[in-house]
Amino acid sequence: MLAFGVVVLGVTDRRRAEEFWSAALRYQVRRDGFGGWASVLAPPGGAGAVLALQISQTPPGDYPRIHFDLHVASVAEQEAEAARLVSLGATRIDWDSYPDDPDFVVLADPEGNRFCIVDLGHEHA
């Protein structure tokens, strides 16, 4: 039976990406060879997705086919987390494809990889 093991993110500067994503997700760096990787970022307690950072020279796309959705419970938490991530080096994206009543905001990590912060408490119009 297949199961997700490690989510791999392409980066050009592994150290910078490790610093950003470990702080952003409050993950811990594991250097024990988990999943065949020299190091991975893992949630405290072990429950949740594990992230590996792979060196890539391919630039991130403006409309990525795959991205992270990070969940929060309210619009206040969404704004607070967006501000926290910007303080860590993320950039808010002035995205041209927002729907009329978005429950998400788009940001990019310091490498330019786009991700969303989704407000799960959003009531759609």
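For the structure given in this document, a descriptive report is provided here. (Residues numbered from 1 in each chain as written. Predicted model: local features only at pLDDT ≥ 70, side-chain atom pairs only at ≥ 80, totals over all residues. Heavy atoms only, no water.)

1. Some words on the overall build of the protein chain
Here's step 1: Counting its regular elements, the protein chain contains two helices and eight strands.
Here's step 2: Scanning the protein chain from its N terminus toward the C terminus, one meets helices and strands in the order β-α-β-β-β-β-α-β-β-β.
Here's step 3: For 125 residues, the compact-globule estimate of 2.2 N^0.38 gives 14 Å, and the C-alpha radius of gyration of the protein chain, at 15 Å, lies within 12% of that figure.
Here's step 4: Once the C-alpha set of the protein chain is aligned to its principal axes, its extents read approximately 45 × 35 × 30 Å.
Here's step 5: The proportion of buried residues among the 125 residues of the protein chain is 34%.
Here's step 6: Contacts in the protein chain between residues at least 24 apart in sequence constitute 53% of all its contacts with a sequence separation of at least 6.
Here's step 7: Working note: accessible area of the protein chain is about 7900 Å², and carbon and sulfur atoms make up 54% of it. (Helix = DSSP H or I, 4+ residues; strand = E, 2+ residues; numbered from the N terminus. Rg over C-alpha atoms; globule rule 2.2 N^0.38 Å. Buried < 20%, exposed > 50% of the residue type's maximum accessible area, 1.4 Å probe, protein only. Contact = heavy atoms within 4.5 Å. Areas by Shrake-Rupley, 256 points an atom, 1.4 Å probe, with all protein chains shown as cover.)

2. Details of the sheet that holds strand β6 (residues 91-92)
Here's step 1: Spatially, the four strands line up as an open sheet ordered β5-β8-β7-β6, and their pairing is mixed. For this open sheet the edge positions go to β5 (68-72) and β6, each flanked by a neighbour on one side alone.
Here's step 2: Two strands pair when backbone bridges link them, and β5 and strand β8 (residues 114-119) are joined in this way by five bridges, in the parallel orientation. Directly across from His 71, in β8, lies its bridge partner Val 118. (Pairing = 2+ DSSP bridges.)

3. Examining unusual backbone geometry
Here's step 1: Despite not being glycine, Arg 26 has its phi angle at roughly 60°, a positive value.
Here's step 2: Along the chain, Arg 26 turns up in the loop between α1 (14-25) and β2 (28-30).

4. Some words on the environment of Leu 88
Here's step 1: Along the chain, the position of Leu 88 falls in helix α2 (residues 75-88).
Here's step 2: According to the relative accessible area criterion, Leu 88 is partly exposed, its value standing at 35%.
Here's step 3: With near-sequence residues (within four places) excluded, Leu 88 lies in contact with Phe 20, Ala 23 and Ala 24.

5. Examining the nonpolar core
For soluble globular proteins, the rule of thumb is that nonpolar side chains tend to be buried together.
Here's step 1: Grouped together as the largest cluster of nonpolar side chains are 18 residues, with contacts concentrated most on Phe 20, Trp 21, Leu 53, Leu 85, Leu 107, Phe 115 and Ile 117.
Here's step 2: Among the elements of the structure, β1 (7-11), α1, β4 (51-55), α2, β7 (104-108) and β8 are those that each provide at least two residues to this core.
Here's step 3: No other element matches the four residues that α1 contributes to this core.
Here's step 4: Dropping the residues within four chain positions of it, Ile 117 is found in contact with Leu 70, Val 72, Gln 78, Glu 81, Ala 82, Leu 85, Asp 103, Phe 104, Val 105 and Leu 107. (Core = buried A, V, L, I, M, F, W, Y, C linked by side-chain atoms within 4.5 Å.)

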